[in-house]
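Residue-level listing of the chains:
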Amino acid sequence: MRDGIVRQPVFEKPLLAALRREYGRSIRCNLTDLDDLPPRPSAPCQLYVHVPFCESLCPYCSFHRVQFRQDKAQAYFEAVRQEIRLYAERGYQFTDVYIGGGTPTVLPRELARTLELIRSYWPIRWVSVETNPNHLNRETVGILSDAGIDRLSVGVQSFDDELLRQMGRYQHYGSADQTAERLAAVRGRFSTLNVDMMFNFPTQRLDSVERDIETLRALAVEQVSFYPLMRFTSTERNIRKRLGNAGAERRYAFYQQILRGMRPAYQPSSAWCFSRVAPQEIVRPIDEYITQASDYVGVGSGAFSYLDGTLYATSFSLRRYREALAAGRPSITRCSILTTRQRMRYEFLVGLFGLRLPFEQIKMKYGAEFWWRLAPELATMGLIGALRYDAGAIQLTDRGMYCWMLMMAEFFTAVDRVRDAMRLHIREELSAPSIPSITSQPAEPDPDRFRTGRFSQHAS
Ligand SMILES: C[S@@+](CC[C@H](N)C(=O)[O-])C[C@H]1O[C@@H](n2cnc3c(N)ncnc32)[C@H](O)[C@@H]1O
Ligand code: SF4
């Protein structure tokens, strides 16, 4: 330790770099055109709804998001409801709903109407919704609570006003003090209140993160997610211009500080998510990046679905999305079938991200093939001291948690390349012949067109 900064052990760096490089390649998608719903899964799964509107666009964010306009958002929610009806007509079954964005609460009444429609079709157990601090007002919270939302996730990022100003969030989403007051006021209104935080901004300091942790502990929210700033090709210029240009030197020190500061009041439930109660008491943590459900269907422009080893992407063009739904057609435009190795790696990454991957689960899905196919990474992680084989499961050590967080970040860089490909595809979609409407029910798709397997993220 020099300058009060904890440094990563030197020997870890090259091994970690090799692992990250591999996992950054693990989802190289060959997207092909598709113009139908995916084959219906055999078991009920999770429904993800994407609402891409935001009142202000943050410079670091590469999710599919657009500037909020009341009329556009209104028409968008109508199209989303139309898409939900299509899935209901085709006999899909959903158990849980995650509504992410963008900012799903830009039109809370529209959101509530959409949830009402979903509940009219399926007996939903859990509803999670993302929001921003400026929406934690009496009226919106009342609507969300009446709509039966169980878990609310609020994007705070930092309690440092200077940093919030640099992000442009202070001006639109409120100061640190306002946000803390609003969070205190909604405590107890939802079964889980999650706060999203970020670290490793170029101008962020260790003492600023220290104060963030103190504030969070005083607020005693049920869950806190601490994401490392992920830099993508699509955001790199904006990050440099608005937030500065610093690398990864302090990331390890930030992470160690977060682990030290959050414990013992909070316990990790994944490598970047901390829960106030024991993780096993949490039915399912909220995570913007990972869903616990293996298979899920995404509705809304820019949503991904993952079903039986195939990734599906819905049009990133809002116009094309609305037009397709108005014509009674789904708006999934592309899909990609993952190879067995890609699926194994993905499941390994996501499974162990929850800190523990039972041997039984591995055996059921992949048998012995899993061990020899993933032997290089298992050996490398063993060398770093990232894994422990204990109590019938592969377990992540504290050292492994840092390693995992970086690999996840690398994986999401790969996902972002899929988003880039979809954004590039918008022009082609718009120049395609106009969408014919359908009067009769489309034929059930042939399930043999797709290979089987699993995947589970809904970053849109
Ligand atoms: C996509 S936003 C949607 C919800 C809401 N609009 C908000 O700002 O919180 C969800 C969370 O993703 C995280 N996020 C967005 N871009 C990120 C990036 N480049 N690196 C790390 N985390 C990011 C932020 O913590 C953010 O709160
Ligand atoms: S971080 Fe949230 S508010 Fe900011 S642009 Fe992304 S989705 Fe919108």
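It should be noted that the structure appears before, not after, this text.
Residues numbered from 1 in each chain as written. Chains lettered and ligands numbered in written order. Predicted model: local features only at pLDDT ≥ 70, side-chain atom pairs only at ≥ 80, totals over all residues. Heavy atoms only, no water.

## Here's the deal with the overall build of the protein
- In terms of regular secondary structure, the protein is built from 16 helices and 18 strands.
- By the burial criterion, 58% of the 460 residues in the protein qualify as buried.
- Approximately 18900 Å² of the protein is accessible, and the part contributed by carbon and sulfur atoms is 49%. (Helix = DSSP H or I, 4+ residues; strand = E, 2+ residues; numbered from the N terminus. Buried < 20%, exposed > 50% of the residue type's maximum accessible area, 1.4 Å probe, protein only. Areas by Shrake-Rupley, 256 points an atom, 1.4 Å probe, with all protein chains shown as cover.)

## Focus: the sheet that holds strand β18 (residues 393-396)
- An order of β16-β18-β17 is seen for the 3 strands of this open sheet, with the pairing classed as antiparallel. Sheet topology places β16 (356-358) and β17 (387-390) at the edges, where each strand pairs with a single neighbour. Geometrically, the sheet is characterised by an average inter-axis angle of 20° between neighbouring strands, direction not taken into account.
- Bridging between β17 and β18 involves 4 bridges; their strand directions are antiparallel. Following the sheet pairing, L387 is matched in β18 by L396. (Pairing = 2+ DSSP bridges. Axes fitted to C-alpha atoms, helices over the stretch in contact; angles between N-to-C directions.)

## Quick look at the packing of aromatic side chains
- Here the structure, examined in full by the defined rule, presents 25 aromatic pairs.
- With a centroid separation of 6.5 Å and 80° between ring planes, the pair formed by F53 and F68 is classed as edge-to-face. Taken together, the residues F53 in strand β3 (residues 53-54) and F68 in the loop between β4 (66-67) and α2 (70-89) connect sequence positions 15 residues apart.
- An angle of 20° between the planes, with centres 6.3 Å apart, marks the rings of Y366 and F370 as stacked. Here Y366 and F370 have matching classes, each one buried.
- Members of the aromatic cluster, connected to one another through ring pairs, are F199, F226, Y252, F254, Y255 and Y402.
- The cationic tip of R165 hangs over the ring face of Y170; the distance from NZ or CZ to the ring centre is 4.1 Å.
- Here the guanidinium or amino end of R419 rests over the ring plane of F63, the centre of that ring lying 5.0 Å away. (Phe/Tyr/Trp six-rings, centres within 6.5 Å; stacked < 30°, edge-to-face > 60°. Lys NZ or Arg CZ within 6 Å of the ring centre and 35° of its normal.)

## Quick look at the packing of helix α10 (residues 251-262) against helix α16 (residues 398-431)
- In contact at an axis separation of 11 Å, α10 and α16 are set at 125° when each is read in the N-to-C sense. Classified by the angle between their axes, α10 and α16 sit oblique to one another. Crossing angle aside, the handedness with which α10 passes α16 is right-handed. Residues R251, Y252, Y255 and L259 of α10 touch α16, and the partners they reach there are D398, M401, Y402, M405 and L406. (Parallel < 35°, antiparallel > 145°, perpendicular 65-115°, else oblique. Left-handed = near helix turned anticlockwise from the far one by under 90°. Contact = heavy atoms within 4.5 Å.)

## Topic: the site of ligand 1
- Around ligand 1 sit 21 residues, and of these Y60, G102, E130, Q157 and M230 come closest.
- Measuring from an oxygen atom of ligand 1, one finds a side-chain N or O atom of Q157 at 2.7 Å.
- R169 is positioned with one of its side-chain polar atoms (N or O) 3.1 Å from an oxygen atom of ligand 1.
- Computed on the free molecule, ligand 1 has an accessible area of 540 Å², of which 97% lies beneath the protein chains in the complex.
- Within the residue set of the shell around ligand 1, elements represented by two or more residues are β6 (126-131), β7 (151-157), β8 (192-199) and β9 (223-228). (Near = heavy atom within 4 Å. Polar contact = N/O pair within 3.5 Å; in protein donor to acceptor, adjacent residues only side chain to side chain.)

## Overview of the nonpolar core
- Grouped together as the largest cluster of nonpolar side chains are 139 residues, with contacts concentrated most on Y60, F226, F348 and W404.
- Counting residues per element, this core draws most heavily on α16, which supplies 14 residues.
- Not counting residues up to four positions away in its chain, the partners in contact with Y60 are Q157, M167, R169, M198, F201, L229, M230, T235, I239 and L243. (Core = buried A, V, L, I, M, F, W, Y, C linked by side-chain atoms within 4.5 Å.)

## What about the side chain of Q257?
- Note that Q257 resides in helix α10.
- When its relative accessible area of 6% is taken as the criterion, Q257 is described as buried.
- Side-chain polar atoms of Q257 contact the backbone oxygen of L206, separated by 2.8 Å.
- Ignoring sequence-local partners within four residues, the contact set of Q257 consists of L206, V209, E210 and I213.

## Description of the pairing of strand β12 (residues 296-299)
- Along β12, one buried face is formed by Y296 and G298 and the opposite face, lined by V297 and V299, is buried too.
- In this sheet, β12 lies alongside strand β2 (residues 45-51) in parallel orientation, the contact comprising 4 bridges. Bridging from a neighbouring strand, L47 pairs with V297 of β12.

## A few points about the environment of E162
- Tracing the backbone through its elements, the reader meets E162 in helix α5 (residues 161-167).
- What makes E162 partly exposed here is its relative accessible area of 46%.

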